Amino acid sequence: MGRRQDNTNEIFENAPVSRAVLINIIPSVVSMIMVLVYNLADTFFIGQTKDPLMMAAVSLATPAFLFFMAVGMLFGIGGTSLISRMLGQGRDDDAKHTCSFCFWTGAVVGIIGMVVILTAIDPVCRLVGATPATMKYVKQYLQIVAIGVPFLVVGNAFSNILRAEGRANKAMMGMILGNVANIILDPIMILGFGWNVAGAAVATVIGQVLSAGFYIAHYIMGHSSLSIRLRDYRAGGQIAAGVLAIGIPASLNSILMSTSNILVNKLMTAHGDMAVAGLGVAMKVNMVAVMLLIGVGTGIQPLLGYNFGAGNRRRFMGVLRFSLILAAALSLVMSVLCYLGAGPMVNAFLDNSNVYGYGMEFARTLIISGPVLGVLFVMINTIQAMGAAVPSLILSVSRQGLLYIPVLFLFNGIFDTASALVLAQPVTDYLSTALSIVLFILAYRRYFSREGGGA
């Protein structure tokens, strides 16, 4: 345990800023790329069925999936923020208790979620916007995916928490294991077995079980300075409050993203199922840029949190400056690549000319926000790393809620076109980026004025 902690200290405290940032973000970016490849593979092989209704159904079911990823993020981001600050302050036992709290509470919430979906499947399908034409496929997908919800929550939480103790490579390996299994199983189950949407769902669940199992084995075999043992479980001593203070705002962003996806899908159904399918594919194309830039943001959070907890203002700002420059450069590169490559990428998923037209137009509209996304995700994770609960909450409810939903309905009311519905997201992203910079300045002045950083 001592040697592992020394390694964390070396990376977080003493390594050159550029090296420390790259050591943390490269595994995180690779993990996000694997998530992206898995998502693209899912869409690609469903597309090979030549049934746009199946494509639309998977798009409609995605928000329910995102909701439980958000629950995992609650414990993952909240736990990572608190644990990294605790380690920076030398509070190793409290970090252990926090880790156990995140595991057991997350697992129980996941089991409850599974039961809710399985016992109320029809209302859930209607809630996400299933139409009579897509209901059968949405129901098939969600009934199977529900079984994997507890594993999804645990896996999503601990792919973040391992980074809090400098185990970014292990976090990456767990995600790669699950996603590679999913990618391999997709063509076998969707096309080979002819299970179609159900095959995609089964492959997804198996991947989630493998990822969660990998992380659980990591702790059971004593490879960590943290713990998931039940006897180490604590909720008091500001552990639950500390996790939830940052975890709820972080998960709210994903929950609101899920909610906004439901809203835009429901509004898009007025323009036909082909428009819904085109939007689903466009979102996948846009994820090429988004997931890579999210990886940069999540990768630096433990590093920032550790140095915030240690009160090392100079190193904290050095990490932030380097990360912002790197994120801005990557944002520009990915925006150009996704704009120019939108046609071939959309065409890889679809051969229906009507859906292709929508997908191409929507993909190029969504990437308008690409140039600022890197800065936005770095700012979001920096605010979370400081444990700045109120600024984090404001930013989270604004990007996909207080800002996005009014813009979405405003554009729908004024223009009443499918294109306007898609444009609402880039407009909101620029507004959110400006807000994030203001909130960071306010949070930095307030929270870093405390002795020792403040956790």
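Figured I'd write up the structure that's included with this text. Note that the coordinates shown come from a computational prediction; the quantities given were computed from them, not determined experimentally. (Residues numbered from 1 in each chain as written. Predicted model: local features only at pLDDT ≥ 70, side-chain atom pairs only at ≥ 80, totals over all residues. Heavy atoms only, no water.)

**Focus on the overall build of the protein**
Along the backbone of the protein there are 18 helices and zero strands. What you see for the protein is a C-alpha radius of gyration of 21 Å, in line with the 23 Å of a compact globule of 455 residues. The C-alpha extent of the protein, read off along each of the three principal axes, is 60 × 40 × 35 Å. Looking at the protein as a whole, 60% of its 455 residues qualify as buried. Taking all contacts inside the protein whose residues are at least 6 apart in sequence as the whole, residues at least 24 apart take part in 85%. (Helix = DSSP H or I, 4+ residues; strand = E, 2+ residues; numbered from the N terminus. Rg over C-alpha atoms; globule rule 2.2 N^0.38 Å. Buried < 20%, exposed > 50% of the residue type's maximum accessible area, 1.4 Å probe, protein only. Contact = heavy atoms within 4.5 Å.)

**Thoughts on the side chain of Asn 286**
Checked against the element boundaries, Asn 286 lands in helix α11 (residues 273–309). We classify Asn 286 as buried; its relative accessible area is 12%. When sequence neighbours within four positions are dropped, the list of residues in contact with Asn 286 reads Leu 366 and Ile 367.

**Points about a nonpolar patch on the surface**
The grouping of Val 180, Ile 184, Ile 188, Phe 193 and Trp 195 at the surface amounts to a nonpolar patch, some 460 Å² of accessible area in total. With respect to the secondary-structure elements, Ile 184 resides in helix α8 (residues 168–192). (Patch = residues over 30% accessible without salt bridge, like charges linked within 9 Å, V, L, I, M, F, W, Y side chains within 5 Å. Areas by Shrake-Rupley, 256 points an atom, 1.4 Å probe, with all protein chains shown as cover. Salt bridge = Lys/Arg side-chain N within 4 Å of Asp/Glu carboxyl O.)

**Section: the pattern of salt bridges**
In the structure shown here, the tally under the stated rule is three salt bridges. Here Asp 94 makes a salt bridge to Arg 91, at a shortest N to O gap of 3.1 Å. Note on Asp 94: relative accessible area 29%, which makes it partly exposed. A salt bridge links Asp 232 to Arg 229; its shortest N-O distance comes to 3.0 Å. On the basis of relative accessibility, which here comes to 10%, the residue Asp 232 falls in the buried class.

**Some thoughts on helix α14 (residues 353–366)**
The terminal C-alpha atoms of α14 lie 20 Å apart, and with 14 residues this matches the ideal 20 Å at 1.5 Å per residue to within 8%. Within the sequence span of α14, burial applies to Val 355, Gly 359, Met 360, Phe 362, Ala 363, Thr 365 and Leu 366. The inward-facing, buried residues of α14 abut α3 (52–88), α10 (239–268), α11, α13 (342–349) and α18 (418–447). (Expected span 1.5 Å × (residues − 1).)

**Points about unusual backbone geometry**
In most cases, non-glycine residues show a negative phi, while peptide bonds are predominantly trans. Non-glycine residue Asn 196 carries a positive phi angle of around 55 degrees. The exposure class of Asn 196 is partly exposed, given its relative accessible area of 25%. Positive phi outside glycine occurs at Asp 416, with the angle close to 50 degrees. Along the chain, the position of Asp 416 falls in the loop between α17 (404–415) and α18.

**Digging into the packing of aromatic side chains**
All chains considered together, the criterion is met by 14 aromatic pairs. For the pair Phe 12 and Tyr 306, a centre-to-centre distance of 5.1 Å together with 65 degrees between the ring planes defines the contact as edge-to-face. Taken together, the residues Phe 12 in helix α1 (residues 2–14) and Tyr 306 in helix α11 connect sequence positions 294 residues apart. For the pair Phe 12 and Tyr 306, one class covers both residues: buried. For the ring pair Phe 75 and Phe 101, a centre distance of 6.3 Å and an interplane angle of 65 degrees mean the geometry is edge-to-face. One end of the pair, Phe 75, is in helix α3; the other, Phe 101, is in helix α4 (residues 92–119), with 26 residues separating them in the sequence. Taken together, Phe 103, Trp 104, Phe 158 and Tyr 219 form an aromatic cluster joined through their ring pairs. The cationic tip of Arg 364 hangs over the ring face of Tyr 339; the distance from NZ or CZ to the ring centre is 4.3 Å. (Phe/Tyr/Trp six-rings, centres within 6.5 Å; stacked < 30°, edge-to-face > 60°. Lys NZ or Arg CZ within 6 Å of the ring centre and 35° of its normal.)

Purely geometric numbers; function is a separate question.
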